[in-house]
Amino acid sequence: MDIRFVQRGVEVDDKLRDYMEKKISRLEKFFKKILNCQIVVTHHKGSFNVETTANANGVILRGEEDATEPRKAFDQSLKNLERRIKKYNSYLKDRAQLGAGEDFSFSLDEVPEASSDSPAIDKVKQVQIHPMDSAEAIMQMELIGHSFFMFQNAETGEINVVYKRKTNGYGLLEPLR
């Protein structure tokens, strides 16, 4: 498994890097098809934020945590990621909805945006869109830990967005034509 480190406002020493590599390589016991992982360590205003992202056969799984020490933030972030991997595994076993040949891959690389007088876009992510139903889109959204998820509706062929509502339910955005 390929492991990529990104450091923002902090330098991760070799001892901590080795610790992180050793711990994250254990993820393969939960899911054999983890292709690569990314660990982003950020230090801001006395707090460390660690985001662990795993590409599990094209499905992006993510854990994130803040703490006063980078090791604590990493450990908790890894626990969050492990929980999501276990949830994804049980989803695959119980529902058997994903086809073996489908590729749900996302780009982790940031695309720079030209500056202008309009509000600045800090980050652009490019995603491959695959047909799925809203229940599967909600599962994908939960696995990456976001509050929304864009997908192609398998029934209509339109681009839709599912999102978490403040009432603990889910919403679906459909385009008008």
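Refer to the structure presented above.
Residues numbered from 1 in each chain as written. Predicted model: local features only at pLDDT ≥ 70, side-chain atom pairs only at ≥ 80, totals over all residues. Heavy atoms only, no water.

Draft legend 1. Summary view of the overall build of the protein. A count of helical and extended segments in the protein gives 3 helices and 8 strands. Along the chain direction, N to C, the helices and strands of the protein fall in the order β-α-β-β-β-α-β-α-β-β-β. For the protein, the proportion of its 177 residues judged to be buried stands at 34%. The contacts of the protein with a sequence gap of at least 6 include a subset with a gap of at least 24, amounting to 40%. (Helix = DSSP H or I, 4+ residues; strand = E, 2+ residues; numbered from the N terminus. Buried < 20%, exposed > 50% of the residue type's maximum accessible area, 1.4 Å probe, protein only. Contact = heavy atoms within 4.5 Å.)

Draft legend 2. Representation of the sheet that holds strand S2 (residues 34-44). Here we have 4 strands laid out as an open sheet, ordered S1-S2-S3-S4, and mixed in their pairing. Two strands lie at the open edges of the sheet, namely strand S1 (2-8) and strand S4 (59-67), each paired on one side alone. Each strand axis lies, on average, 15 degrees off the axis of its neighbour in the sheet, ignoring direction. Here 10 bridges tie S2 to strand S3 (residues 47-56), and the two strands are oriented antiparallel to one another. Across the sheet, the residue bridging to Gln 38 is Thr 53, located in S3. Sheet strands touched by helix H1 (residues 14-24): S1, S2 and S3. Its angle to S1, the strand with the most contacts, is close to 140 degrees. (Pairing = 2+ DSSP bridges. Axes fitted to C-alpha atoms, helices over the stretch in contact; angles between N-to-C directions.)

Draft legend 3. Looking closely at the nonpolar core. The biggest cluster of nonpolar side chains holds 28 residues, and the ones touching the most others in it are Leu 27, Ile 34, Ile 39, Leu 61, Phe 74 and Ile 85. Secondary structure elements with two or more residues in this core: H1, S2, S3, S4, helix H2 (70-95) and helix H3 (134-144). For this core, the leading source of residues is H2, giving 7 residues. Counting residues in hydrophobic clusters, the runner-up holds 8 residues, among them Ile 60, Ala 137, Met 141 and Val 162. (Core = buried A, V, L, I, M, F, W, Y, C linked by side-chain atoms within 4.5 Å.)

Draft legend 4. Here's a closer look at the side chain of Asn 153. One can find Asn 153 in strand S6 (residues 148-153). A residue is classified by how much of its surface remains accessible, and Asn 153, at 11% relative accessible area, is buried. A polar side-chain atom of Asn 153 sits 2.9 Å from a polar atom in the side chain of Asn 160. (Polar contact = N/O pair within 3.5 Å; in protein donor to acceptor, adjacent residues only side chain to side chain.)

Draft legend 5. Looking closely at the sheet that holds strand S7 (residues 159-164). Sheet architecture is open: 4 strands sit in the order S5-S6-S7-S8, paired in mixed fashion. The outermost strands of the open sheet, each flanked by one partner alone, are strand S5 (131-132) and strand S8 (170-173).

Draft legend 6. Summary view of the packing of aromatic side chains. Considering all chains together, one arrives at 1 aromatic pair under this definition. Arranged with centres 6.1 Å apart and planes meeting at 70 degrees, the rings of Tyr 19 and Phe 74 form a pair that is edge-to-face. Here Tyr 19, found in helix H1, pairs with Phe 74, found in helix H2; they are 55 residues apart in sequence, far enough to count as distant. Assessed through its relative accessible area of 0%, Phe 74 is described here as buried. Over the aromatic face of Phe 5 sits the side chain of Arg 17, whose NZ or CZ is 4.4 Å from the ring centroid. (Phe/Tyr/Trp six-rings, centres within 6.5 Å; stacked < 30°, edge-to-face > 60°. Lys NZ or Arg CZ within 6 Å of the ring centre and 35° of its normal.)

Draft legend 7. View of unusual backbone geometry. Backbone geometry at Lys 45 places phi at a positive 55 degrees, although glycine is not the residue there. Within the secondary structure, Lys 45 is located in the loop between S2 and S3. Residue classification places Lys 45 among the exposed residues on the basis of a relative accessible area of 78%.

Draft legend 8. Region of the structure containing the pairing of S4. Examined bridge by bridge, S3 and S4 share 9 bridges and lie antiparallel to one another. Pairing of Thr 52 across the sheet is with Gly 63, part of S4. Once S3 ends, the chain turns through 2 residues before running back antiparallel as S4, passing Asn 57 with a positive phi of about 55 degrees.

Draft legend 9. Focus on a positive patch on the surface. A surface patch of positive charge is lined by Lys 22, Arg 26, Lys 29 and Lys 86. The residue Lys 22 is located in helix H1 in this model. (Patch = residues over 30% accessible without salt bridge, like charges linked within 9 Å, V, L, I, M, F, W, Y side chains within 5 Å. Areas by Shrake-Rupley, 256 points an atom, 1.4 Å probe, with all protein chains shown as cover. Salt bridge = Lys/Arg side-chain N within 4 Å of Asp/Glu carboxyl O. Lys, Arg positive; Asp, Glu negative; His and termini not counted. Charge placed at Lys NZ, Arg CZ, Asp CG, Glu CD.)

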